[in-house]
Amino acid sequence: MTQIRSCPPGTAAQVTQQQHEPAKAIRGQTLKDVARVRNVALRDLQAANPQIRNPNQKLRAGQTVNLPPTRGVICKATPTASGQSDTIERVRPNLFAQVTRTGADTQPARAWQHGNATPADRQLRESAFNDVMQGVRNSGAQLDAADRARLQGVLEGQSGEQLAKTAQFFKQHVAGSPNALQAARTFLDLKEKQAKLPASVAGRLNDETIQTLTRAVADRRGPALAGAKGIMGQQQALDAADAIAKMSPKDHTALDGLLRSAGTGGARGADPQTERALILKAVAARRDRIDTEKAGRWETLRRWAGRNTNAMNEVSAYAAEIRGKPREELLKKSTTLDLNEDAKDEALQQRWLSSCGATVTQMARAEADPIYALDLHKRAAEGIHPEKITSYEAVHKSQVADEQKKMMREAGVRSLRSRGQESESYWGTNLDTDDKTKLLNSHVAKHTNKTYSYKQVEAGRQGLEAALNRIDGNLRRGGDVPVLLKSGDEGHYVLLSDVRNTRDGVKYLVTDPWDGKTTWVKREDFLRGQIPVTGGSYALRGSFE
């Protein structure tokens, strides 16, 4: 991205004004929340919405919020040898100044191949394409040429009612999402999977299921910026699709019934789509136990006996437990992070002085598996974030503390110093990176369907840039990255769960198990080795990916 103060010599400045589709408020959001999420000045948002007098007033779910137009300056240069002209765009801080090729970053990757399509279908294809492009751009990202060509191919393959439904889906659920890039790529990947499925299971990954999974990636978890990440990540949606395609017929019948029953008979605020997203996320976390080709011997025997797998039984029990519950409650108990960005810290806390590694392992598993997350909340009688972390109940009568202790002992730490009994002569040690890797592969890998390895940061700014670029890729695909920080000889593990482009630059969502605090940290703070956690200043030393 290139910031400019004036147009270069030989270029002509053109003032632009770009209109945006109105946003739909999420239950509990205020006008201030919308301004922060959309990266627009509050005064501009208020001017565009004079009907909302109080910026702190909670909005109705689905309430329309008009977005102010984006004004900027485009400097057009002389054509290049390729026939395109370089465009340098200066925009207000709510978008990102960048150097692009005119007609490249949001335009079709190739000429449309409409064939014998009606004029209405041609127009609808191009309109749907533009909605996705605008949504991706508004989220501070862009779809590369290969993905734009894939999107064109999908739209060219549709017509009539199917095309109309796809276009409406893009406009309603992708164009306005802060996760538009991830949602678009998820949709395209799922369409490719759909085309490759054998005829015997092709109907399982139908357009309705693809849209449900895409929405699970697009729909944010909360009104604050910390809640901007989707309920599912891009890779989780693909894992769920693999499980759906490869599960037994009996398991698929059970899953189909669970999805159709979502949101029924519930309280006010229940949301069928959120329930479906969490059910499918639980399926993704059990992909290999459900897959008929990868499941263990006992699961195979259950299928031969005409019974559901234990993994599907777990999903069924979970679906019954969450059915009809308010969306806000479901999402709060599907994570151990604090996504509210209010004055109260509510993330999971470590119960022992040196159990940060075990606690981050719990966090990472809870982010991958909503069944485990809910179970952790239920087992924490004192709360995952106790009012008094040093209390006897928070440590010695806590199932959460017992699980952390068990993990630490599994890693070779035999004695632990309690946060509530610092004066006693216990000794403890932080987990080394090998032991931390083992914990992740023992407790988390089976739910994220990946094997973890430790990647040490190379010395110097270039090494930090390379590490952060790699971490960025994992986070933008919806993964979570445990990292090791150090201050002198003192090590500390935290969890990175999101990365966002903001008016203040790139920021990472960091959850610190010591304070039980989730906060945004600037990329520049990582590069300077001044990451503010546990009341100190730490440097990034390695990541587990």
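Preceding this paragraph is the structure being described.
Analysis parameters
Residues numbered from 1 in each chain as written. Predicted model: local features only at pLDDT ≥ 70, side-chain atom pairs only at ≥ 80, totals over all residues. Heavy atoms only, no water. Helix = DSSP H or I, 4+ residues; strand = E, 2+ residues; numbered from the N terminus. Contact = heavy atoms within 4.5 Å. Areas by Shrake-Rupley, 256 points an atom, 1.4 Å probe, with all protein chains shown as cover. Buried < 20%, exposed > 50% of the residue type's maximum accessible area, 1.4 Å probe, protein only. Salt bridge = Lys/Arg side-chain N within 4 Å of Asp/Glu carboxyl O. Polar contact = N/O pair within 3.5 Å; in protein donor to acceptor, adjacent residues only side chain to side chain. Lys, Arg positive; Asp, Glu negative; His and termini not counted. Axes fitted to C-alpha atoms, helices over the stretch in contact; angles between N-to-C directions. Parallel < 35°, antiparallel > 145°, perpendicular 65-115°, else oblique. Nonpolar A, V, L, I, M, F, W, Y, C, P; charged D, E, K, R; others polar. Pairing = 2+ DSSP bridges. Expected span 1.5 Å × (residues − 1). Phe/Tyr/Trp six-rings, centres within 6.5 Å; stacked < 30°, edge-to-face > 60°. Lys NZ or Arg CZ within 6 Å of the ring centre and 35° of its normal. Patch = residues over 30% accessible without salt bridge, like charges linked within 9 Å, V, L, I, M, F, W, Y side chains within 5 Å. Charge placed at Lys NZ, Arg CZ, Asp CG, Glu CD.

(A) Spotlight on the overall build of the chain. If you tally the helices and strands in the chain, you get 22 helices and 13 strands. Nonlocal contacts in the chain, meaning residues at least 24 apart in sequence, comprise 67% of its contacts between residues at least 6 apart. Accessible surface, the chain as shown: approximately 24600 Å² in total, 47% of it carbon and sulfur.

(B) View of the environment of Val65. Note on placement: Val65 falls in strand 3 (residues 64–65). On the basis of relative accessibility, which here comes to 1%, the residue Val65 falls in the buried class. Taking the C-alpha atoms as reference points, Val65 and Ile52, 13 residues apart in sequence, are found 9.0 Å from one another. Ignoring anything within four residues of it in the chain, the contact list for Val65 reads Pro22, Ala23, Ala25, Leu31, Val34, Leu45, Asn49 and Leu59.

(C) Up close: the pattern of salt bridges. One pass over the structure, following the stated rule, counts 33 salt bridges. With its nearest N and O atoms 3.9 Å apart, the salt bridge here joins Asp144 to Arg185. Residue Asp144 is found in the loop between helix 3 (119–138) and helix 4 (145–156), and its partner Arg185 is found in helix 6 (residues 180–196); the two are separated by 41 residues along the sequence. Look at Asp144 and you get partly exposed, because its relative accessible area is 36%. Residue Arg185 is classed as partly exposed on the basis of its relative accessible area, which comes to 24%. Across the salt bridge formed by Glu545 and Arg470, the nearest N and O atoms sit 2.9 Å from each other. Of this pair, Glu545 sits in the segment after strand 13 (536–544) while Arg470 sits in helix 21 (residues 460–476), and the two are 75 residues apart along the sequence. Given a relative accessible area of 7%, Glu545 falls into the buried group. Residue classification places Arg470 among the partly exposed positions, given a relative accessible area of 30%.

(D) Summary view of the side chain of Gln63. Inspection of the secondary structure puts Gln63 in the loop between helix 2 (42–48) and strand 3. Assessed through its relative accessible area of 13%, Gln63 is described here as buried. A polar contact is formed between the side chain of Gln63 and the backbone nitrogen of Arg60, at a distance of 3.0 Å. Each residue touching Gln63, except ones within four places of it in the same chain, is listed here: Ala23, Lys24, Ala25 and Ile52.

(E) Structural view of the side chain of Arg204. Counting through the fold element by element, Arg204 comes out in the loop between helix 6 and helix 7 (207–218). Although Arg204 is buried, it makes no salt bridge; Asp251 carries the closest opposite charge, 8.5 Å away. Apart from residues lying up to four places away in sequence, Arg204 is in contact with Thr209, Ile244, Ala245, Lys246, Met247, Ser248, Pro249 and His252.

(F) Structural context of the packing of helix 8 (residues 234–246) against helix 10 (residues 272–284). Running from amino to carboxyl end, helix 8 crosses helix 10 at an angle of 75°, the nearest separation of the two axes being 8 Å. Classified by the interaxial angle, the pair formed by helix 8 and helix 10 is roughly perpendicular. Residue-level inspection shows Gln236, Asp239, Ala240, Ala243 and Ile244 of helix 8 in contact with helix 10, the latter providing Leu280, Lys281, Val283 and Ala284. Considered class by class, the residues forming the contact of helix 8 with helix 10 number six nonpolar, one polar and two charged.

(G) Highlighting the pairing of strand 11 (residues 517–522). By the bridge criterion, six bridges tie strand 10 (residues 505–512) to strand 11 in an arrangement that is antiparallel. Directly across from Val510, in strand 11, lies its bridge partner Thr519. Between strand 10 and strand 11, which pair antiparallel in sequence order, lie four residues; one of them, Gly516, sits at a positive phi of approximately 65°.

(H) Just helix 21, in detail. For helix 21, built from 17 residues, the straight-helix expectation of 24 Å at 1.5 Å per residue is met to within 8% by its first-to-last C-alpha distance of 24 Å. All of the buried residues in helix 21 are Gly463, Leu464, Ala467, Leu468, Ile471, Asp472, Asn474 and Leu475. Looking at the buried side of helix 21, the elements it contacts are strand 8 (481–487), strand 9 (490–502), strand 10, helix 22 (523–528) and strand 13. Just past helix 21, the residue Gly478 takes up positive phi, approximately 95°.

(I) Inspection of helix 10 at higher detail. With 13 residues, helix 10 ought to run about 18 Å at 1.5 Å a step, and its terminal C-alpha atoms sit 18 Å apart, in line with that. Burial of helix 10 is extensive: eleven of the 13 residues sit out of reach of the surface. What helix 10 keeps buried is the set Gln273, Thr274, Glu275, Ala277, Leu278, Ile279, Leu280, Lys281, Ala282, Val283 and Ala284.

(J) Region of the structure containing unusual backbone geometry. One non-glycine residue with positive phi stands out, namely Glu341, at about 55°. Among the secondary structure elements, Glu341 is positioned in the loop between helix 14 (327–332) and helix 15 (356–368). For Thr534, which is not glycine, the phi torsion reads 50° and is therefore positive. You can see Thr534 is positioned in the loop between strand 12 (531–533) and strand 13.

(K) Looking closely at the pairing of strand 10. Taken across its eight residues, strand 10 has six buried, putting it largely inside the fold. Sheet analysis places strand 9 next to strand 10, joined by seven bridges and oriented antiparallel. Looking at the pairing, Arg500 lines up with Lys507 of strand 10. Hairpin geometry of strand 9 and strand 10 is characterised by an intervening segment of two residues between the two adjacent antiparallel strands.

(L) View of the packing of aromatic side chains. Within the structure shown, the criterion is met by seven aromatic pairs. Aromatic rings pair up to connect Phe169, Phe170 and Phe187 into one cluster. Over the face of the ring belonging to Tyr493 we find Lys436, whose NZ or CZ atom lies 5.6 Å from the ring centre.

(M) The arrangement of a positive patch on the surface in detail. Where like charges cluster on the molecular surface, the positive patch consists of Lys325, Lys332, Lys333 and Lys344. Assignment of secondary structure puts Lys344 in the loop between helix 14 and helix 15. The exposure class of Lys344 is exposed, given its relative accessible area of 55%.

Purely spatial values, then, with no claim about function.
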